[in-house]
Amino acid sequence: MSSATTTRGSKPVSFISNIARVLSENVREYGMFIALFAIMIIFTITTEGTFMSSRNIVNLVNQAGYIAVLAVGMTLVIVIRQIDLSVGFLGGFLGAVAAIGMTQWNLPVYIVIPMVLVLGILAGMIIAFLVGQLGIPSFVASLAGWLIYRGAILVVTEATGTIIINDDTFNALGNGFIPEIPGLTFWPEIHKLTLLLGIIGIVMLIFNEIKNRKNKLAYNFDVLPMDVFILKLVFMSVLIGAVTWLLAGYQGLSWTAVVVLVVVAVYNFITTRTVLGRHIYAVGGNPEAAELSGIDVKKITYIVFGSMGMLSALSGMLFASRLRSATTTAGTLWELDAIAAAYVGGVSAAGGVGKVVGSIIGALVMMSLTNGMNLMGIGISYQYMVRGAVLAAAVIFDVATRNRGK
Amino acid sequence: MGETSFPKLVSPNPQESAHVEGTMAEPLLEMRNITKTFPGVKALSDVSFEVNKGEIHCLVGENGAGKSTLMKVLSGVYPHGEYTGKIFIEGVEQTFHSIRDSEKAGIAIIYQELALVPEMTVYENIFLTNEIRNGPLIDWNETVKRASEVMKRVGLDVNPAAKIKTLGVGKQQLVEIAKALSRDVKILILDEPTSALNEVDSENLLNLLRDLKANGVTCILISHKLVEVIGIADKVTVLRDGKTISTLNAHAGEVKENVIIKHMVGREIDNIYPKREHIVSDEIMFEVRNWNAYNPALGRKILKDINFHVKKGEIVGISGLMGSGRTELALSIFGNPDKYRVDGELYIKGKKQRFHHPNQAIGAGVAYVTEDRKGDGLILIQDVKQNITIANLRALSKRGVIDFNSEIQAAEQYKQSLNIKTPTIEQKVMNLSGGNQQKVSLGKWLFVKPDILILDEPTRGIDVGAKFEIYTIMNSLVQQGMSIIMISSELPEILGMSDRIYVVSSGSITGEMPVEEATQEKIMNLATN
Ligand SMILES: Nc1ncnc2c1ncn2[C@@H]1O[C@H](COP(=O)(O)OP(=O)(O)OP(=O)(O)O)[C@@H](O)[C@H]1O
Ligand SMILES: [Mg+2]
C-alpha cells in the first residue's frame, strides 16, 4: 500500500533517501525543530560559545518561561478560532495583585498563588461570556480587556510605583532551582537530581515511542522506517541529554522550567489523549459539525478562555517573581509574543490545527532570538525587525507546506 | 432532444455558433495518458479523454473513480508537473500552472460547493476577479449592464443588486454559470451541479445547458443521476478506479442505463432498491404532535402544526421540495441548534421529551445525518477515525481519557462494514471522494447506536453502487429494530425505500400514505400545493 510502511532498508543509500523522504513528508512537524536547531547553532558560532553556555541556557529557559506558558493557552484559543489580546496586561495586573496580596494584605504565598490563579480563570470566563454568550468577536472583547487591565495595572501601582516582593518562596519561582538529593556529596560540580530527571525523561521517551510504534504496526498504520525511527530517538535523546547536562553543570533545573514542563505535560495530555481535547479540536475544525455531534461549543469556549486566564495569571506571577517585584510595564507585548510563538509553532489561523508542544518550541525560537541577539549586542530596533521577519517566515512556511504530506 | 430547437434567447455573439459548425471534426479538448497520484492513492492512471466542440459530454463513475480529480487536472488546480500526461486544446498543448491559466484558455469549472461571496451582490459576483475597469476604477454602470445581459442569457430573473445570500441554491447555480459565460468560456465544466437542486431547478438547469450547447458552448457534466445523464448527454465517458472504461455515444444508441451501471460498477445491479420484508411492529418509537417552529433570524414561522410518528422497524420517507422545511423540521427536533422558537410535544418510546441541545437528543437515542456533509456534518481536516468516533467518545473512554485501541477498532469496524474506500482510517476526510465522505458521516452516527436515525438526503452525490450499499445497510438496520426517518427529494428513492410517506410543503405536512398507495404524481401534487 503506502511506501512509508517499509521497515527494511539497511543499505546506506536507502537510509539517506528514507531520511530525505521522511523529512520532506513531515516538514511541517519537524520544521520548527530544525529552525530552533539552526538558530542555536548560528548563535553559538556568532557568540563564540556563550550562547550554549550552561549559564545562558538556564537564563534562556527562565526568560522563555512566562511566554511559553502563555503560548500554551493561546494555542488552544487559536485552535477554537478565537484570539485573546488581553493576556499580557491581565498577567501583568495579576502579578501586581499577587505582590499586593503578599506585601499589603500579608497573605501567605500558598493562599496568594491559588487565589490569583482563580482570579485569572474568572477573567477568562468574562471574555468567554462576551464571546460565547453574547456573540461579540473575541478580537474586540479581548481588546477591551487589554485596555481595562492596562488601566488596572496603572491604578494599583500608582501609589507605590514598583511593588517590591520580599517573599523568598514566591521569588524562587522565577529565580530558584530544585534542591539536590540530600546526602549526595560526590561530584559536587554536577546537579545529580537534574541529571537523574533527565535520564528518566529519556527512558520514558524511548519507552513511549517504542510502545506507540508497536501499536501502530499492529494496526498496519504507517510508521517511520526502522533506521529513521532509531535516528529520531537518538536525536531526541541527545537533545534532552545535552540540555540536561548543560543545566546540571550550572545549578540544575530551575523552578520556572519545572512549572513550564508540568504545564506542557498536562496540556499535552489533555489535548492528545482526552475527550475534552478531542472536543476542543472538533470545535476548531468545524463548529457547526461539533455542535451537531453533541458537543457543547459554549462550554468549550468557557473552558478554553478560562484556561487562558489561568495561564495568564501563572505567567504574570512567574514574571513578577523573576523580577522580585511588580512593575507598571509588566505585560507589555506579551500577548503578541505568545501569539507569535503559537504561529511559529504551527497553529493555523483557520482553526482546528496546532500542538501545545509546537507552541513551546515556538516560544523557545522567539526567546532564543531575543537572547542571542542581546548577547551579540544587536540593538533593540533591529531585534524587532528580525523577530518580525522570523514570524513572517514561519507563517509563509506554514502556508507553503500546508498541502504537503498528510 | 433539445439540441435542434434553437434558443429563444438572443446570443450576444452570433458568430459563435457559425464558428462551431466550421470546425466540428477536430476534438476541442484532448487529455492524453493522465496519471495523478496522491500519497497512498493512485487517483488517475493513464486516463485519456476527448471532447468535441459543441457537445455535452458526461463523466460518470463510482465515488472515488477520479472524476473530480480529472477535472481539477484540466482546470489547473493541480498544476502542470503534479501529474503526468498531456492536455491539448484545439490541438495546442497546454501547461496550466494555476486556475487563472486555464481560465485564460477558456475553461470554467463550477464546483459542487459554490464559490460565491454571500455578502456581495449578483453583479459583483459575476465579475469578481474579472472586473470591468475604467482606468484604475471599476466601471459599475457597465458592470451592471453586462451582468444583466449574461443573466438574461442564463434565464436568471432577479435583481442584479440582490445579495447572493438571499437567493436559493438553484439561482446561485445560475449566477455561477453567468459568471463563467461572462468570460467567453469554451469549455464549461459542472461537477455534480444538480445534486443540491430540486426537480424543477434541475430541469431548468439542464434546459439551459441545452441552450448553451446550441450556442456553441461545450459542456462537461459530472453527475450521479443517470436519468439526467441519459437525457442530456451526447457522449458519456465512464471512469472506474482511475481508469477510462469506455466512451459511449448517444447518437449511436450506446447510452443505456444498464450499460453505464455495468461499466461503472463492474457488475450488473438489476434492482437498485434492495428488497426487504416489511415487518413493522406496532410500537410507536417516535412521535411529534402539534409541532410549530418560528425562526427569529428570518422573522417567520417555518413549521406549522406538524404531526407525525415512526414505528419500530419502519422507514418513514419525508418527501418535499428543497426549502419546504424538511431540514428545519429535523433540526428543530434534534436539539434545535439554530435556536428556533419551538412549541409542541415530542415523544420517544412514549416518553415526553424536550431537547435543548443535540447532545440530549443523542442521549435519548436519536441520530441525525446532516444534509450538508461538508458544511455541518464532517470535520474535513480530521481523519476518518476521529470523525467516526467524535459523537460517541464516551463509549471509548474511561474518566475522560480515550482508549486509542478501542477507537481504532471501532473505526476499522465501520470502515469495513460500510466499505469506506480509504488507504487507512488515518486519512483526512477532505481527501476522500464525496460518496466515501457520506459513508463516514453515516458511520459516525451508526456508532452512536441510535434507536431512531434521521437521514437527510442520505444518497446525495453518491454513485449507484454506493447507493445500493447504503440502502442495504438501511434495510439491515430496520430489520434489527431501528426506526429510520428518511428525508429525500428524490422520488424514486422515497418510493423505493419507505414503508410510509409524509409529504411536506411550505412547513406543513400536506399528505400521508403507505407506500403501496403512493405514486410520483400524487407526491408531486402534494409537494407543490
Ligand atoms: N487531495 C487528495 N489527497 C489524497 N487523496 C485524494 C485527494 N483528492 C482525491 N483523492 C483520492 O483520489 C481518488 C479520486 O477522487 P475524486 O474526488 O476524483 O473522485 P470522484 O470520482 O470525483 O468521486 P465522487 O463521485 O465521490 O465525487 C479518491 O480515492 C480520493 O480519495
Ligand atoms: Mg467528485
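Residues numbered from 1 in each chain as written. Chains lettered and ligands numbered in written order. Predicted model: local features only at pLDDT ≥ 70, side-chain atom pairs only at ≥ 80, totals over all residues. Heavy atoms only, no water.

Participant: Tell me about the overall build of chain B, residues and numbers included.
Facilitator: Helices and strands together make up the secondary structure of chain B, namely 18 helices and 24 strands. Its C-alpha atoms give chain B a radius of gyration of 24 Å, within 12% of the compact-globule value 24 Å for 529 residues. Counting the 529 residues in chain B, one finds 57% classified as buried. Contacts in chain B between residues at least 24 apart in sequence constitute 68% of all its contacts with a sequence separation of at least 6. Accessible surface for chain B amounts to roughly 22,000 Å². Of this, 49% is attributable to carbon and sulfur atoms. (Helix = DSSP H or I, 4+ residues; strand = E, 2+ residues; numbered from the N terminus. Rg over C-alpha atoms; globule rule 2.2 N^0.38 Å. Buried < 20%, exposed > 50% of the residue type's maximum accessible area, 1.4 Å probe, protein only. Contact = heavy atoms within 4.5 Å. Areas by Shrake-Rupley, 256 points an atom, 1.4 Å probe, with all protein chains shown as cover.)

Participant: So what about the interface of chain B and chain A? Which residues, and what values?
Facilitator: Size of an interface: often given as the accessible area lost when the parts come together. Taken together, the contact pairs 38 residues of chain B with 29 residues of chain A. Taken together, the two surfaces of chain B and chain A that pack against each other cover about 2,800 Å², and 60% of this comes from carbon and sulfur. Three residues stand out in chain B for area buried against chain A, namely His357, Ile390 and Glu426 of chain B, and they jointly supply 16% of the buried area on that side. Where chain B touches chain A, the interface holds 1 salt bridge. At the boundary of chain B with chain A, the tally comes to 9 residue pairs in polar contact (both at pLDDT 80 or more). Sorting the residues of the side of chain B that touches chain A by element identifies α11 (358-363), α12 (373-377), α13 (384-389), β20 (401-402), α14 (404-417) and α15 (434-446) of chain B as the ones contributing at least two each. Counting residues per element, the side of chain B that touches chain A draws most heavily on α14 of chain B, which supplies 6 residues. (Buried area = accessible area lost by both parts, 1.4 Å probe. Salt bridge = Lys/Arg side-chain N within 4 Å of Asp/Glu carboxyl O. Polar contact = N/O pair within 3.5 Å; in protein donor to acceptor, adjacent residues only side chain to side chain.)

Participant: Can you lay out the packing of helix α14 (residues 334-344) of chain A against helix α16 (residues 380-401) of chain A for me, pointing to particular residues and giving the numbers?
Facilitator: Residue and element names in this part refer to chain A. It is the contact of α14 with α16, at a shortest axis distance of 9 Å, that shows an interaxial angle of 35 degrees. The way α14 lies across α16 gives a crossing that is left-handed. Contacts between α14 and α16 pair Asp337, Ala340, Tyr343 and Val344 from the former with Arg387, Leu391, Ala394 and Val395 from the latter. Of the residues belonging to the contact of α14 with α16, the class tally is 6 nonpolar, no polar and 2 charged. (Axes fitted to C-alpha atoms, helices over the stretch in contact; angles between N-to-C directions. Left-handed = near helix turned anticlockwise from the far one by under 90°. Nonpolar A, V, L, I, M, F, W, Y, C, P; charged D, E, K, R; others polar.)

Participant: For the sheet that holds strand β21 (residues 452-456) of chain B, give the residues involved together with the corresponding values.
Facilitator: Residues and elements named next belong to chain B. Spatially, β18-β21-β22-β15-β23-β24 is the arrangement adopted by the 6 strands of the open sheet, whose pairing is mixed. Edge positions in the sheet fall to β18 (366-369) and β24 (508-514), since each has one partner strand and no second. Going from strand to strand, the sheet's axes swing by 15 degrees on average, the running direction of each strand aside. Relative to strand β22 (residues 483-488), strand β15 (residues 315-319) runs parallel, the two being bridged by 5 bridges. Counterpart to valine 316 in the pairing with β22 is isoleucine 485. With respect to the sheet, α15 is in contact with β18 and β21, its orientation differing from that of β18 by roughly 170 degrees. (Pairing = 2+ DSSP bridges.)

Participant: Let's hear about the site of ligand 1: which residues, and what values?
Facilitator: Residue and element names in this part refer to chain B. Near ligand 1 there are 19 residues, and of these Asn63, Ser68, Thr69, His224 and Asn431 occur at the shortest range. A distance of 2.5 Å separates an oxygen atom of ligand 1 from a polar side-chain atom of threonine 69. Within the contact set of ligand 1, an oxygen atom lies 2.7 Å away from a side-chain nitrogen or oxygen of histidine 224. Out of a free accessible area of 640 Å², ligand 1 has 86% covered by protein chains. (Near = heavy atom within 4 Å.)

Participant: Describe the side chain of threonine 244 of chain A, and please don't skip the residues or the numbers.
Facilitator: With respect to the helices and strands, threonine 244 of chain A occurs in helix α9 (residues 226-248). Excluding its chain neighbours within four sequence positions, the residues that come into contact with threonine 244 of chain A are Thr194, Leu195 and Gly198 of chain A.

Participant: Describe the nonpolar core, naming the residues involved and giving the relevant values.
Facilitator: Membership of the largest hydrophobic core comes to 209 residues, with the highest contact counts inside it found for Ile177, Leu188, Leu209, Val236, Phe286, Phe308 and Leu453 of chain B. By residue number, the principal contributor to this core is helix α3 (residues 54-79) of chain A, which donates 14 residues. Non-local contacts of leucine 209 of chain B, meaning those with residues more than four positions away in its chain, are made with Ile56, Leu188, Leu190, Cys219, Leu221 and Ile232 of chain B. Counting 27 residues, the second-largest nonpolar core is a separate cluster that includes Leu59, Ile107, Ile109 and Ile189 of chain B. (Core = buried A, V, L, I, M, F, W, Y, C linked by side-chain atoms within 4.5 Å.)

Participant: How would you explain the confidence of the model for chain A if you had to name every residue and give the values?
Facilitator: Close inspection of predicted coordinates is inappropriate for parts of the model with low pLDDT. Residue and element names in this part refer to chain A. Summary statistics for chain A give a mean pLDDT of 89 and a share of 96% for residues scoring 70 or more. Element-level pLDDT for chain A is lowest in helix α1 (residues 12-25), with a mean of 76, against a maximum mean of 97 in helix α13 (residues 297-323). Below a pLDDT of 50 lies the segment residues 1-10, which in the model reaches 16 contacts outside its immediate sequence neighbourhood of four places, other chains included. (pLDDT = per-residue confidence, 0-100.)

Participant: Requested: an account of the packing of aromatic side chains, with residues and values cited.
Facilitator: Aromatic ring pairs are described here by two measures, namely the spacing of the ring centres and the angle between the planes. Residues and elements named next belong to chain B. Enumeration according to the criterion identifies 16 aromatic pairs over all chains in this entry. The interplanar angle of 40 degrees and the centroid separation of 5.2 Å between the aromatic rings of tyrosine 273 and tyrosine 471 together place this pair among those described as tilted. Of this pair, tyrosine 273 sits in the loop between α9 (257-265) and β13 (284-295) while tyrosine 471 sits in helix α16 (residues 464-479), placing them 198 residues apart in sequence. Among the residues examined, tyrosine 273 registers a relative accessible area of 18% and is labelled buried. Their ring planes at 50 degrees and their centres at 5.7 Å tell us that phenylalanine 334 and tyrosine 368 sit as a pair that is tilted. (Phe/Tyr/Trp six-rings, centres within 6.5 Å; stacked < 30°, edge-to-face > 60°.)

Participant: For the pattern of salt bridges, give the residues involved together with the corresponding values.
Facilitator: Residue and element names in this part refer to chain B. Within the structure shown, the criterion is met by 26 salt bridges over all chains. A salt bridge links lysine 213 to aspartate 234, with the nearest nitrogen and oxygen atoms 3.0 Å apart. Placement of lysine 213 in helix α7 (residues 199-214) and of aspartate 234 in the loop between α8 (226-232) and β11 (235-240) is noted, with a sequence separation of 21 residues between them. Neither lysine 213 nor aspartate 234 differs from the other in exposure class; each is buried. The salt bridge involving arginine 500 is made with glutamate 512; its shortest N-O contact spans 2.9 Å. Residue arginine 500 is located in strand β23 (residues 500-505), and its partner glutamate 512 is located in strand β24; the two are separated by 12 residues in the primary sequence. Arginine 500 gets classed as buried once you look at its relative accessible area, which sits at 9%. Through salt bridges that share partners, Lys53, Glu90 and Lys186 make up one connected network.

Participant: I'd like a rundown of the pairing of β21 of chain B, residues and numbers included.
Facilitator: Residues and elements named next belong to chain B. Of all the 5 residues making up β21, 5 are buried; the element is thus mostly covered by neighbouring parts of the structure. Here β21 shows a buried face lined by Ile452, Ile454 and Asp456 and a second buried face lined by Leu453 and Leu455. Sheet analysis places β18 next to β21, joined by 4 bridges and oriented parallel. Bridging from a neighbouring strand, valine 369 pairs with leucine 455 of β21. Where β21 and β22 come together, 5 bridges link them in parallel fashion. Counted as the bridge partner of isoleucine 452 is serine 483 from β22. Each parallel crossover has a hand, and the one from β21 via α16 to β22 is right-handed. (Right-handed = clockwise from strand over helix to strand, strands pointing away.)

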